[in-house]
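A structural walkthrough
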Amino acid sequence: MYSFIRSVSFEGAEKVCFNPSSGEPTNSKRINAKSEVFCCQMGKLGFSTGHRSVRFTTKKTVIANIPSMLTYVLGFIILSYVGILFGILYLLFCVLALVLFLRYVCTYCPSYGSRCCPSGYGRIASKLFKKRDISQFPKMFKTYIPFLSLIWIYPLLGSIFLLLTDFSWYFLALTLSFIIVGFVILPLFHRYYECRDCPNRENCPWAK
Ligand code: SF4
């Protein structure tokens, strides 16, 4: 269900809801839980007027997570061929990276705690950590990216090791699958499915 963000001059973060048919801000106290109303945490970052935004349903959230889950699974399979311990450590690292992402990125995001967040992480973060200063979001995201990129780098290193020491067409296909999913499908999915309608896309390094 789509609606339009009409106002951008909010001082400090607050929850704002919009009637999808009129696009007008709605008093959140009058909202029926079943009604299709778009709610979002917004603050000083300044969303562009008229920006179309979307309320991510549970189904959309599940779909939004498929490419990243596939990336983790392929990374685990590749590193398990290097050694099962490497595969398990990789999965543990993915979990750690996710928890740190929730703490150090999602808590600074205007979508924290709301259905604006495509992946659903924003709502998980709101259950675990308190909200932070959203004006720091771009800085926190950029700081975190090098750490996050290890999720892609470890399986690539594992692939190179396997191909150099024990080449097979199967390992080559596995490597190409990981590259296609992790470096092509995942970014495209983020850009055209998740970030396309995100009210925070102007401020998010990932969406650029
Ligand atoms: S939009 Fe991204 S940064 Fe914001 S809460 Fe969701 S996952 Fe976290």
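Quick caveat, the model's predicted, so the values are computed rather than measured.

Thresholds, definitions, all that
- Residues numbered from 1 in each chain as written.
- Predicted model: local features only at pLDDT ≥ 70, side-chain atom pairs only at ≥ 80, totals over all residues.
- Helix = DSSP H or I, 4+ residues; strand = E, 2+ residues; numbered from the N terminus.
- Contact = placed C-beta atoms within 7 Å.
- pLDDT = per-residue confidence, 0-100.
- Near = placed C-beta within 6 Å.
- Nonpolar A, V, L, I, M, F, W, Y, C, P; charged D, E, K, R; others polar.
- Core = buried A, V, L, I, M, F, W, Y, C linked by C-beta atoms within 7 Å.
- Buried ≥ 20, exposed ≤ 12 C-beta atoms within 10 Å, placed from the backbone.
- Axes fitted to C-alpha atoms, helices over the stretch in contact; angles between N-to-C directions.
- Parallel < 35°, antiparallel > 145°, perpendicular 65-115°, else oblique.
- Left-handed = near helix turned anticlockwise from the far one by under 90°.

**So, the overall build of the protein chain**
Along the protein chain, the regular secondary structure elements total six helices and five strands. For the protein chain, the α and β elements follow one another from N to C terminus as β-β-β-β-β-α-α-α-α-α-α. Residue pairs in contact within the protein chain that sit at least 24 positions apart in sequence constitute 64% of those at least 6 positions apart.

**Examining the confidence of the model for the protein chain**
When pLDDT is averaged along the protein chain, the result is 78; 69% of the residues meet or exceed 70. For the protein chain, strand 1 (residues 2-4) is the element with the lowest average pLDDT, namely 34, and helix 5 (residues 150-165) is the one with the highest, namely 98. Below pLDDT 50 for its whole length, residues 1-15 participates in 43 contacts with residues either more than four positions away or in separate chains. For residues 41-52, every residue scores under 50 in pLDDT, and the model assigns this stretch 41 contacts once sequence neighbours within four places are set aside.

**Side note on the environment of Phe 129**
Structurally, Phe 129 can be placed in the loop between helix 3 (121-128) and helix 4 (137-148). Separated by 27 residues in the primary sequence, Phe 129 and Leu 102 place their C-alpha atoms 8.0 Å from one another. The contact partners of Phe 129, leaving out residues within four places of it in the chain, are Leu 102, Arg 103 and Thr 107.

**Description of the site of the ligand**
In the region of the ligand, the neighbouring residues are Val 105, Cys 106, Cys 109, Ser 111, Tyr 112, Cys 117, Ser 119, Tyr 121 and Gly 122. When its residues are assigned to classes, the shell around the ligand shows six nonpolar, three polar and no charged.

**Quick word on the nonpolar core**
Val 105, Cys 106, Tyr 108, Cys 109 and Phe 137 are the most contacted members of the largest nonpolar core, which has 16 residues in total. Breaking this core down by element, the ones donating at least two residues are helix 3 and helix 4. A per-element tally of this core places helix 4 first, with three residues. Grouped together as the second largest cluster of nonpolar side chains are eight residues, Ile 78, Tyr 90, Cys 94 and Phe 178 included.

**Side note on the packing of helix 5 against helix 6 (residues 169-194)**
It is the contact of helix 5 with helix 6, at a shortest axis distance of 10 Å, that shows an interaxial angle of 160°. With respect to each other, helix 5 and helix 6 are oriented roughly antiparallel. At the point where helix 5 passes helix 6, the crossing takes the left-handed sense. The segment helix 5 lies against helix 6, with Trp 152, Pro 155, Ser 159, Leu 162 and Leu 163 engaging Phe 171, Leu 172, Thr 175, Phe 178 and Gly 182.

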